[in-house]
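One-letter residues, chain by chain:
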Amino acid sequence: MDRLQSLEVFIAVAEAESFAGGARSLGLSAPSATRGVNALEERLGARLFSRTTRKVRLTELGKAYLEDARHVLAQLQAADDAAAGAALTPVGTLRITCSNEFGRIYVAPVLTEFLDTYPDVSAQVLMVDRIVNMIEEGFDVAVRIGPLPSSGLSAVRVGSVRRVVCGSPDYLARHGVPRSPADLAAHQIAAAAPVTPVSEWRFGSQTPQTVRVRPRLTVSSAAAAIAIAREGWGLTRVLSYQIGPDLQAGTLQTVLEAFEPEPLPIHLVHLEGRRAPAKIRSFVDFAKARLRAISVLN
């Protein structure tokens, strides 16, 4: 008999003032109840009951222990109820990590709608352009762009993104639309990364090719390169989701689509699979439906 069951037997015997009555209330035999109480007393090194031929009564120590035992079982039941509730109903704080631009453009609107739907959930979002260790840093859900390494985490694919070359309609009208990657040599390039003056852009999937471009301007953020292209200064290369709003508004358009590399998958990665708390399962289902409905991500 384990310690928890011993406590339950002790409480039942104390309330019934009888080993037989306490055992009967728990569906046990009287000898089992006696052995359970004897083991508990032996472990404590103290008598909890004074026994007579007709009934048992609590000692002074037993009376104090009974109050503590009831409190322990009540706390355990409360913990069980809380865990069961969290497993069934979305509650608590949801911690999410994603890249800066994807988080700003797509995750934030989905998350605020989710929080409006589930008022007992709050959220913390880390938007950072690095791979976060979910377990070590305590995150529930991560948005990953690109191939996933092997791990014990669960993943749901919600879309894909492409590496695209883009420019404003005004720039393309003035300088012409490149028809092949080699034509980029005749265009002004704003590189969206802190790279060396000579960059290599890879194109194609079936027959890959590499083209060297010489950016006249290099910036450290994709948002800055996109803004420069939007103003008509030149072409840049970014991930398609980063210019989703511009594509819809017509302020940017993509070129060289036939030469694009294979798309990169987007996944929602989370812990514990089907055994995850309801806040995680609900958010993954909620976000999956909404992200899959976004045309630029498919």
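Residues numbered from 1 in each chain as written. Predicted model: local features only at pLDDT ≥ 70, side-chain atom pairs only at ≥ 80, totals over all residues. Heavy atoms only, no water.

### Re the side chain of His-267
For clarity, the threshold we go by: The secondary structure listing takes helices from DSSP runs of H or I that are at least 4 residues long and strands from runs of E that are at least 2 residues long, numbered from the N terminus. Residues count as neighbours in contact if any of their non-hydrogen atoms are within 4.5 Å of one another.
Checked against the element boundaries, His-267 lands in strand 14 (residues 264–270). Residues within four places of His-267 in sequence aside, it is in contact with Ala-142, Val-143, Arg-144, Gly-146, Leu-148, Ala-155, Val-156 and Arg-157.

### Examining the packing of helix 2 (residues 19–26) against helix 3 (residues 30–44)
When two helices pack together, their arrangement is given by the angle between their axes and by how far apart the axes lie. So the rule is basically this: Axes, fitted as lines to C-alpha atoms, cover a helix only where it is in contact. Angles between the N-to-C directions of the axes lie from 0 to 180 degrees. Every angle not falling under 35 degrees, over 145, or within 65 to 115 is termed oblique; those three ranges are roughly parallel, roughly antiparallel and roughly perpendicular. Any residue outside Ala, Val, Leu, Ile, Met, Phe, Trp, Tyr, Cys, Pro, Asp, Glu, Lys and Arg is labelled polar, Gly included; the first ten of those are nonpolar and the last four are charged.
The N-to-C vectors of helix 2 and helix 3 enclose an angle of 105°; their axes lie 8 Å apart at closest approach. In this view, helix 2 runs roughly perpendicular relative to helix 3, as classed from their interaxial angle. Residue-level inspection shows Phe-19, Ala-20 and Ala-23 of helix 2 in contact with helix 3, the latter providing Ala-30, Ala-33, Thr-34 and Val-37. Across the contact of helix 2 with helix 3, the residue classes tally to 6 nonpolar, 1 polar and no charged.

### Some points on the pairing of strand 14
The side chains of a regular strand alternate, first on one face of the sheet and then on the other. Heads up, the rule is: Throughout, exposure labels follow a simple rule: accessible area from a 1.4 Å probe, protein chains only, divided by the maximum for the residue type, with under 20% read as buried, over 50% as exposed, and the rest as partly exposed. Two strands qualify as a pair provided that DSSP identifies no fewer than 2 bridges between them.
Counting buried positions along strand 14 gives 7 out of 7 residues, so the element sits mostly inside the fold. Burial along strand 14 is two-sided: Leu-264, Ile-266, Leu-268 and His-270 facing one way and Pro-265, His-267 and Val-269 facing the other are all buried. When strand 6 (residues 154–161) meets strand 14, the two strands line up antiparallel, connected through 7 bridges. Residue pairing in the sheet places Gly-159 in a bridge with Ile-266 of strand 14.

### A few points about the nonpolar core
What counts, and what does not: Buried Ala, Val, Leu, Ile, Met, Phe, Trp, Tyr and Cys residues form a nonpolar core when they are joined through side-chain atoms within 4.5 Å.
By size, the foremost hydrophobic cluster in this structure holds 30 residues, and its most contacted members are Leu-94, Phe-102, Tyr-106, Phe-283, Leu-291 and Leu-297. Looking at this core, the elements with two or more residues in it are strand 3 (92–98), helix 5 (100–117), strand 5 (141–145), strand 6, strand 14 and helix 10 (278–292). Residue contributions to this core peak at 7 residues, all from helix 5. Ignoring anything within four residues of it in the chain, the contact list for Leu-297 reads Phe-102, Tyr-106, Gly-159, Ser-160, Val-161, Tyr-241, Ile-266 and Leu-291. Among the nonpolar cores identified, the runner-up in size contains 17 residues, and Leu-7, Phe-10, Leu-48 and Leu-73 belong to it.

### Some remarks on the packing of aromatic side chains
Just so we agree on the cut-off: Only centres within 6.5 Å qualify two rings of Phe, Tyr or Trp (six-membered ring in Trp) as a pair; their planes then separate them into stacked at under 30 degrees, edge-to-face at over 60, and tilted for everything else. Charges are assigned to positions over rings by a cutoff of 6 Å between ring centre and Lys NZ or Arg CZ, combined with an angular limit of 35 degrees from the ring normal.
A full pass over the atoms with the stated rule returns 9 aromatic pairs. Seen from their ring centres, Phe-10 and Phe-49 are 5.4 Å apart, and the 55° between their planes marks the pair as tilted. A residue pair is termed long-range when its members are at least 10 positions apart, and Phe-10 in helix 1 (residues 3–16) and Phe-49 in strand 1 (residues 49–51) qualify at 39 residues. An aromatic cluster is built from Phe-10, Phe-19, Phe-49 and Tyr-65, whose rings are joined through pairwise contacts. Sitting above the plane of the Phe-139 ring, Arg-95 keeps its charged end 4.1 Å from the centroid. The ring of Phe-203 carries the charged tip of Arg-237 above its face, separated from the ring centre by 4.4 Å.

### Looking at empty space enclosed by the protein
For clarity, the cut-off: Put plainly, a pocket is an open set of points on a 1 Å grid over the protein atoms alone with protein on both sides within 12 Å along at least five of seven lines, a cavity is a set where a 1.4 Å probe fits but cannot get out, and a lining residue has an atom within 4 Å of a point. Grid points are joined across faces, edges and corners, and a volume is the space filled by probe spheres set on the points.
Applying the stated criterion across every chain, the model contains 1 cavity of 30 Å³ or more. One number sums up the size of the largest cavity: a volume of about 40 Å³. As for the largest cavity, its lining consists of Tyr-106, Val-107, Val-110, Val-143, Leu-268, Phe-283, Ala-287 and Leu-291. Taken together, the elements giving at least two residues each to the lining of the largest cavity come down to helix 5 and helix 10. Here the lining of the largest cavity is built from residues that sort into 8 nonpolar, no polar and no charged.

### Here we look at the sheet that holds strand 7 (residues 163–167)
If you walk across this open sheet you meet the 3 strands as 12-7-13, and the pairing is antiparallel. At either end of the open sheet lies a strand with only one pairing partner, and these are strand 12 (236–239) and strand 13 (253–255). Mean inter-strand twist for the sheet, computed between neighbouring axes without regard to direction, equals 55°. One ladder, built from 4 bridges, connects strand 7 with strand 12; its direction is antiparallel.

### So, the sheet that holds strand 3
The sheet built from 5 strands is open, its strands ordered 4-3-5-14-6 with mixed pairing. Of all the strands in the sheet, just strand 4 (121–127) and strand 6 have a single pairing partner and so form its edges. Each strand axis lies, on average, 20° off the axis of its neighbour in the sheet, ignoring direction. Those strands touched by helix 5 are strand 3, strand 4, strand 5 and strand 14, and its axis lies near 180° from that of strand 4. The sheet strands contacting helix 10 are strand 3, strand 4, strand 5, strand 6 and strand 14, and the helix crosses strand 6 at an angle near 20°.

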